[in-house]
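Architecture and fold: a report
Now for the letters of each chain:
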There are 2 protein chains.
Amino acid sequence: MSYKIALDVSGGDSAPDEIIEGAVLAKKELNEDIVLVGVEKEIKTYLNKHKHSLSDFIIVDAPEKIEMNESPLISVRTKKKSSIVVGMEMHKQKEVDAFVSCGNTGSVVCAATIKLRLIEGVERPGIALMLPTKQGVSLVIDVGANIDCKAIHLFHYGIMASVYCELFLNKKTPSVGLLNIGEEASKGLEVLKKVHKLFTVSPLNFTGNLEAKELLSGNCDCIVCDGFVGNIALKVAEGSAEIIAKSFIEAMKKNFIGKVGLFLSKNNLLEFKRSINYAEYGGAPLLGVDGIVIIGHGRSNSLAVKNAIKVAVRELKRDLTKSISRRINDICQNSRVREIFAS
Amino acid sequence: MSYKIALDVSGGDSAPDEIIEGAVLAKKELNEDIVLVGVEKEIKTYLNKHKHSLSDFIIVDAPEKIEMNESPLISVRTKKKSSIVVGMEMHKQKEVDAFVSCGNTGSVVCAATIKLRLIEGVERPGIALMLPTKQGVSLVIDVGANIDCKAIHLFHYGIMASVYCELFLNKKTPSVGLLNIGEEASKGLEVLKKVHKLFTVSPLNFTGNLEAKELLSGNCDCIVCDGFVGNIALKVAEGSAEIIAKSFIEAMKKNFIGKVGLFLSKNNLLEFKRSINYAEYGGAPLLGVDGIVIIGHGRSNSLAVKNAIKVAVRELKRDLTKSISRRINDICQNSRVREIFAS
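Residues numbered from 1 in each chain as written. Chains lettered and ligands numbered in written order. Predicted model: local features only at pLDDT ≥ 70, side-chain atom pairs only at ≥ 80, totals over all residues. Heavy atoms only, no water.

A few points about the packing of aromatic side chains
The criterion, for reference: What counts as a ring pair is set by centres within 6.5 Å for rings of Phe, Tyr and Trp (its six-membered ring), and what kind of pair is set by the plane angle: stacked under 30 degrees, edge-to-face over 60, tilted for all other angles. Secondary structure is summarised from DSSP: a helix means a run of H or I of at least four residues, a strand means a run of E of at least two, and numbering begins at the N terminus for each. For the exposure calls, accessible area comes from a 1.4 Å probe over protein chains only, and a residue counts as buried if that area is under 20% of its type's maximum, exposed if over 50%, partly exposed in between.
Scanning the model with the defined rule gives eight aromatic pairs over all chains in all. With 4.8 Å between their ring centres and 55° between their planes, Tyr-164 of chain A and Phe-168 of chain A make a pair best called tilted. Placement of the pair is Tyr-164 of chain A and Phe-168 of chain A together in helix α6 (residues 151-168), with a separation of four residues, close to one helical turn. Neither residue differs from the other here; Tyr-164 of chain A and Phe-168 of chain A are each classed as buried. Pairing Phe-155 of chain B with Phe-199 of chain B gives two aromatic rings, centres 5.5 Å apart and planes at 55°, and the pair type is tilted. With a gap of 44 residues between them, Phe-155 of chain B in helix α6 (residues 151-168) and Phe-199 of chain B in helix α7 (residues 190-201) connect regions that are remote in the sequence. Neither Phe-155 of chain B nor Phe-199 of chain B differs from the other in exposure class; each is buried.

Structure, rendered in structure tokens:
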């Protein structure tokens, strides 16, 4: 039996074209049903124009569009016929098994929380981004769902990310680090000192505070931070990687042999570029909601969309939500954890 | 008449060697008196061993050392004979005109606030880092003095940075941006929404929220953020620049011609490396205290130390503290600014 994945065709900087192309790629590679949720006429026109088969997809009309900078709560409340609300409602009604969107992140988080509700025991959802590093992938949670985090939210993020790494990233006892401005337990905001204590008494493989310069080192499997800091950290990493790489190429090109060397190293450089390309890692799972929701980068191209759909399918193969619920309840019943929360 | 600059010889990862070497470089280049504050015996031994003239410097004994991870308040209260406390006390007593340290940042901020006090009107000091960008230098404030910022602190940071840019970085109407997770005024934490309003009605050249991917773009002269976020952002930038540059070089080296190209582009690459090297820009002024305090990177080498001393001398040539005080009082008396604070 194949899964049914709903894809938000209206969300993302290059929507609907790149999103539909991503669906076409996914359809070729996976044996799943893909439900295109968006402006029906636009979708059909695009598929016909590019000679893609209409019968490969289920098309669901969602004539309204939520723009990237709309208020999450207002957009979800007022645009009932938007792709985000329609797709999430289908997921709620179990008409689809998962929902993938590269649209307004806040609106996706809001719609998911309202419609799907949270997993028992979880208080806030968190976006877990798969960050390409020197040693593979680190999971950074949260990168924008929750900018005002309490200790319990951050603690749950660590637990959820740990479960995710075990189930899907083949790590037996994933290391968990707390993004902070110093390694010592006494560093940083009060809320982080409390989370440090919670992680320390928990059964997680907590490796302590992680300094921001280690973000891309790959030394830590799960990196916990609030959504504001996570979002800033990722965008700085993205921006500086681009600027450094460009400046490097410019410096090489000032010299003829440098230029030739660049040309001849083209394949190695492309391979390197691919290894740090977010698109290769698809979307970021929204952990904590009672369903499968994958959030893609606003700049997603067709490859990123295809990979986001693959992330959804991977999650469907094992019951993530039950595992998270069980682990959170287990850990939060621990007497030492309860003592810290009570203090 | 020459200025007297006190230098903390005990602070920094490579203290005292690199710090003393920095003083030697500064002494050669500048016509100022440099006061070495640290363990007298260590300093004399080092100077003698490396055949530097003892008579070039004034040496002040400070036998205690504050380690990098000591608690700021406790270290300053208990280690009265540490280089940080002794040096700051000399500055307070006007025995020196400025104090430069690459030691425990928290302790330097704490000692400066206690001993020198704050400029009239200012509520919190902020560290203003000169960040090398594609278009010169951006001033990022705060990068670690104040991790729990109120709106008024961030607002003052923007004003102080703006004054600094005008006086020392040759910018007539420096642009001021607020580091945030989106460009729209409605984005981010509540405190940032208030600061956005304050900047908007102020006479500063406020260019709105700045997304983190623009950090290194150089599009903004003064970048305002709280000390936690600023510290994380900088360290991510530093860490990713290193990792990307290394990976780039590795990719080039996989191929013989790539290797040759790298070798022949050596000078261009070194020039590029220098342009993004924090050491070239010296230390970060601690703005808001009633004195001249320059904080160097913990990893400072002799070049960085010399440049930090140069930053201090530059500040001494114009009265920064009076300019800051005047500007803050002017702007904060504005009726629209007062309305927002009252709301």
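Moving on, there is more to tell.
Let's talk about the interface of chain A and chain B
Test applied: Should any heavy atoms of two residues lie within 4.5 Å, those residues are counted as being in contact. When two parts are brought into contact, each loses some accessible area as probed by a 1.4 Å sphere; the total of that loss over both is the buried area. The salt bridge criterion pairs a side-chain nitrogen of Lys or Arg with a carboxyl oxygen of Asp or Glu, the two atoms within 4 Å. Residue polarity follows a fixed list, in which Ala, Val, Leu, Ile, Met, Phe, Trp, Tyr, Cys and Pro are nonpolar, Asp, Glu, Lys and Arg are charged, and the others, Gly among them, are polar.
In this complex, chain A contributes 53 residues to the contact, which on the side of chain B involves 53 residues. When the two sides are added together, the surface that chain A and chain B hide from each other amounts to roughly 4,900 Å², 76% of it contributed by carbon and sulfur. Between the two partners, chain A and chain B, sit two salt bridges. Residue Lys-235 of chain B pairs with Glu-211 of chain A through a salt bridge whose shortest N-O separation is 2.8 Å. Listing elements by their share of the side of chain A that touches chain B, those giving two or more residues are β7 (175-180), α8 (227-253), α9 (256-264) and α10 (266-275) of chain A. Sorting elements by how many residues they give to the side of chain A that touches chain B places α8 of chain A first, with 20 residues. The residue makeup of the side of chain A that touches chain B, split by class, is 30 nonpolar, 13 polar and 10 charged.

Overview of the relation of the copies chain A and chain B
Just so we agree on the cut-off: Alignment of the copies relies on least squares applied to C-alpha atoms, considering only residues that score at least 70 for pLDDT in both.
With an axial shift of 0.0 Å and an RMSD of 0.0 Å, the rotation relating chain A to chain B amounts to 180°. With respect to symmetry, the two chain copies, as superposed, fit the operation of a two-fold axis. Identified as the residue of chain A closest to the rotation axis by C-alpha distance is Gly-261 of chain A, at 2.3 Å. A shared binding surface is used by both copies, with 100% of the interface residues of chain A retained as interface residues in chain B.

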